[in-house]
Amino acid sequence: LAPGVRHICEFLDARRIPRAILTRNSRDSIGHFHRELPSGFPAFHPSISRECGFLPKPHPDALLHIASDVWGVTPKDIIMIGDSAKDDVLAGRRAGAITVLLTGGKDEELPEEHKPDFYVHDLMEFHALLESDFHLSEPQDKHNS
């Protein structure tokens, strides 16, 4: 798993903020990713791979499905984070979502349509961004939910 995955999952789960996977990779890749999660971690839901029947990113249909049909929110209320400006950011922009590009420290000039709303180096920086720039619910007490 990428550094920070466990931390960001715990942060989101504590606030009951849903998380999904939207990938051009195979269903087997998603299964492998879920098996790598620490014991007891809930899977990402939904997990949409190239076999799921949606047009691939940067087409926004799968992201729109996640927002509206699965989570019951408008696309402007979700964040699309990914490491590809031409696929992840563009899909997010086309859907009307907030976009975050995970740069991994790479700095490149992007065409206007590929520019995200936010840039982060890694998932720890994404966590800091969530805390500083977004109004999130407080962590839920697991015993009183």
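Residues numbered from 1 in each chain as written. Predicted model: local features only at pLDDT ≥ 70, side-chain atom pairs only at ≥ 80, totals over all residues. Heavy atoms only, no water.

A. Representation of the overall build of the protein chain in the model. Helix and strand counts for the protein chain stand at 5 helices and 5 strands. Seen in sequence order, the protein chain has helices and strands lined up from the N terminus as α-β-α-β-α-β-α-β-β-α. Taking 15 Å as the expected radius of gyration for a compact globule of 145 residues, we find that the protein chain reaches 15 Å, a close match to that expectation. Dimensions of the protein chain along its principal axes, counting C-alpha atoms only, are 45 × 35 × 30 Å. Counting the 145 residues in the protein chain, one finds 37% classified as buried. For the protein chain, contacts bridging at least 24 residues in sequence account for 51% of all contacts bridging at least 6. Working note: accessible area of the protein chain is about 8700 Å², and carbon and sulfur atoms make up 50% of it. For the protein chain, the separation between the mean place of its 16 positive charges and that of its 23 negative charges on side chains is 5 Å. (Helix = DSSP H or I, 4+ residues; strand = E, 2+ residues; numbered from the N terminus. Rg over C-alpha atoms; globule rule 2.2 N^0.38 Å. Buried < 20%, exposed > 50% of the residue type's maximum accessible area, 1.4 Å probe, protein only. Contact = heavy atoms within 4.5 Å. Areas by Shrake-Rupley, 256 points an atom, 1.4 Å probe, with all protein chains shown as cover. Lys, Arg positive; Asp, Glu negative; His and termini not counted. Charge placed at Lys NZ, Arg CZ, Asp CG, Glu CD.)

B. Fine view of helix 5 (residues 123–133). Of all the residues in helix 5, the buried ones are Leu123, Phe126, His127, Leu129 and Leu130. Taken around the axis of helix 5, the buried residues stretch over an arc of 160°, which confines them to a single face. Where helix 5 is buried, its residues touch helix 1 (5–14), strand 3 (79–82), strand 4 (98–102) and strand 5 (118–120). Its side-chain oxygen 3.2 Å from the backbone nitrogen of Met124, Asp122 forms the N-cap of helix 5. (Arc of directions from axis to C-beta. Polar contact = N/O pair within 3.5 Å; in protein donor to acceptor, adjacent residues only side chain to side chain.)

C. Local environment of the nonpolar core. Ile8, Phe126 and Leu130 are the most contacted members of the largest nonpolar core, which has 16 residues in total. Within the residue set of this core, elements represented by two or more residues are helix 1 and helix 5. The element best represented in this core is helix 1, accounting for 5 residues. With sequence-adjacent residues up to four places away left out, Leu130 is seen in contact with Ile8, Phe11, Leu12, Ile79 and Leu136. One finds Leu22, Ile66, Ile78 and Met80 within the second-largest nonpolar core, a separate group that totals 10 residues. (Core = buried A, V, L, I, M, F, W, Y, C linked by side-chain atoms within 4.5 Å.)

D. Main features of the pattern of salt bridges. Summed over the entire model, instances satisfying the criterion amount to 8 salt bridges. The residue Lys57 makes a salt bridge to Asp88 at a minimum N-O spacing of 2.5 Å. Separated by 31 residues along the polypeptide, Lys57 in the loop between strand 2 (47–48) and helix 3 (61–71) and Asp88 in helix 4 (residues 85–95) bring together distant segments of the chain. We classify Asp88 as buried; its relative accessible area is 5%. A cluster of three or more residues bridged by salt bridges with shared partners is formed by Arg24, Lys86 and Asp87. (Salt bridge = Lys/Arg side-chain N within 4 Å of Asp/Glu carboxyl O.)

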